[in-house]
Amino acid sequence: METDKRRDFKKVYYKKVKERSDRMMNRALMIYFVVGIVLGFKYDTVDIALWVGGSTLVCYWFTKLFLYDTDTYQYLTGVVLGIFMAQFIFQMHGMFEMHFVAFIGSVLMITYQNWKMQISLYLFVFIHHTVFGYLQFSGFHDIYFTQQDYMDLNTFLIHMIFATVIFSLSAVRAYNYRLMSDSFINQSFEIGRLQAKEIENSELIKVNQELDRFVYSVSHDLRAPLT
């Protein structure tokens, strides 16, 4: 019975965590979309911001609507953040700093307390950098991957090593948050169990005292007539 109660409490607790993180992620994605529009006016890429950013948000919200009771849409969140990273890089004509958009998304996903969510974003970054880096190296300069002529192998490897470290740190942090939450829940139930046991013991002591008084009263009432 206690195990079932603890399991139900965990479900409610992590549902609250997911709802709070969803609200924060919705605001963050809307900010990403607005930033894309602003960049579009400056770099003449409003159509990219509307089509790529808008369709990405619509797909994300529809997926979350139909798969809200599962963790599937959470993994899609990493892909969505990766798409916005790729969009910003293209809009800014390969500005290197736009790569950090993925790292900001990695930090945002920590709040879900699910380290596996980092995998989808990391894979997207790896595939995106591999494909676009190769295309630019092959002579396709209009993809605006970097502002350099191309990203050589050493630069790519260093970039991915740092990305691996950052995503790994975020995954560890999310995993530690989950452990802390589980520990908090277990401690709360243990405290509740001890308190219930203490109340039960105090009630038992009270009943024994009442029983002693009753026995004494009965024995006294019986002894008086005999005397």
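Keep in mind that what you see is a predicted model, and the values were worked out from it rather than measured.

Student: Quick one: what's the story with the overall build of the protein, residue by residue and with numbers?
Tutor: Broken down by element type, the protein carries six helices and zero strands. Across the 227 residues in the protein, those meeting the buried criterion constitute 33%. Within the protein, contacts between residues separated by at least 24 positions form 77% of all contacts whose residues are at least 6 apart in sequence. A total of about 14,500 Å² of accessible surface is found on the protein, and carbon and sulfur atoms cover 67% of it.

Student: Quick rundown of a positive patch on the surface? Include the residues and the values.
Tutor: Taken together, the side chains of Lys15, Lys16, Arg20, Arg23 and Arg27 define a basic patch exposed on the protein surface. With respect to the helices, strands and loops of the structure, Arg23 is situated in helix α1 (residues 2–43).

Student: Would you mind going over the nonpolar core in detail, with residue names and values included?
Tutor: Judged by nonpolar contacts, the single largest core of 35 residues is most densely connected at Met25, Leu29 and Phe84. Contacts of Met25, omitting those with residues within four sequence positions, involve Tyr60, Thr77, Leu81, Leu108, Met109 and Tyr112.

Student: Can you break down the pattern of salt bridges residue by residue, with the values?
Tutor: Summed over all chains, the structure comprises one salt bridge. Where Asp182 meets Lys10, a salt bridge forms, and the shortest distance between an N and an O atom there is 4.0 Å. A residue pair is termed long-range when its members are at least 10 positions apart, and Asp182 in helix α6 (residues 153–226) and Lys10 in helix α1 qualify at 172 residues.

Student: Account for helix α5 (residues 117–137), with residues named and values stated.
Tutor: For α5, built from 21 residues, the straight-helix expectation of 30 Å at 1.5 Å per residue is met to within 8% by its first-to-last C-alpha distance of 31 Å. Those residues of α5 that fall on the buried side of the exposure criterion are Met117, Gln118, Ser120, Leu121, Val125, His128, His129, Gly133 and Gln136. Positive phi shows up at Gly139, right after α5, with a value of about 115°.

Student: An account of unusual backbone geometry is needed here, citing residue identities and associated values.
Tutor: Although it is not a glycine, Asp44 sits at a positive phi angle of roughly 60°. Here Gln113, not a glycine, exhibits a phi torsion of approximately 60°, which is positive. For Gln113, the position within the fold is in the loop between α4 (100–108) and α5.

Student: Explain the side chain of Asp22 to me, and be specific about the residues and the numbers.
Tutor: Position of Asp22 relative to the elements: it lies in helix α1. No salt bridge is formed by the buried Asp22; its nearest oppositely charged neighbour, Lys64, is found at 4.5 Å. Look past the residues within four positions of Asp22 in its chain and what remains in contact with it is Lys64, Tyr68, Tyr73 and Tyr112.

Student: An account of the environment of Tyr73 is needed here, citing residue identities and associated values.
Tutor: By secondary structure assignment, the location of Tyr73 is in helix α3 (residues 72–91). Here the alpha-carbon distance between Tyr73 and Met117, two residues 44 residues apart in the chain, equals 9.8 Å. What Tyr73 contacts, discounting residues up to four positions off in sequence, is Lys18, Asp22, Tyr60, Thr63, Lys64, Leu67, Tyr68 and Tyr112. A polar contact of 2.7 Å, which involves the side chain of Tyr73, links it to the side chain of Asp22.

Student: Describe α3, naming the residues involved and giving the relevant values.
Tutor: Helix length check: α3 (20 residues) gives 29 Å between terminal C-alpha atoms against 28 Å at 1.5 Å per residue, within 8%. With 14 of its 20 residues buried, α3 lies for the most part within the structure. Of the residues flanking the end of α3, it is His93, one or two places downstream, whose phi is positive at about 55°.

Student: Any chance you could break down the side chain of His159 for me, citing the residues and the numbers?
Tutor: As for its position among the elements, His159 is in helix α6. Of the residues examined, His159 reaches a relative accessible area of 11% and is grouped as buried. Once residues within four sequence positions are removed from consideration, His159 is found in contact with Phe96, His99 and His129.

About the cut-offs
Residues numbered from 1 in each chain as written. Predicted model: local features only at pLDDT ≥ 70, side-chain atom pairs only at ≥ 80, totals over all residues. Heavy atoms only, no water. Helix = DSSP H or I, 4+ residues; strand = E, 2+ residues; numbered from the N terminus. Buried < 20%, exposed > 50% of the residue type's maximum accessible area, 1.4 Å probe, protein only. Contact = heavy atoms within 4.5 Å. Areas by Shrake-Rupley, 256 points an atom, 1.4 Å probe, with all protein chains shown as cover. Patch = residues over 30% accessible without salt bridge, like charges linked within 9 Å, V, L, I, M, F, W, Y side chains within 5 Å. Salt bridge = Lys/Arg side-chain N within 4 Å of Asp/Glu carboxyl O. Lys, Arg positive; Asp, Glu negative; His and termini not counted. Charge placed at Lys NZ, Arg CZ, Asp CG, Glu CD. Core = buried A, V, L, I, M, F, W, Y, C linked by side-chain atoms within 4.5 Å. Expected span 1.5 Å × (residues − 1). Polar contact = N/O pair within 3.5 Å; in protein donor to acceptor, adjacent residues only side chain to side chain.

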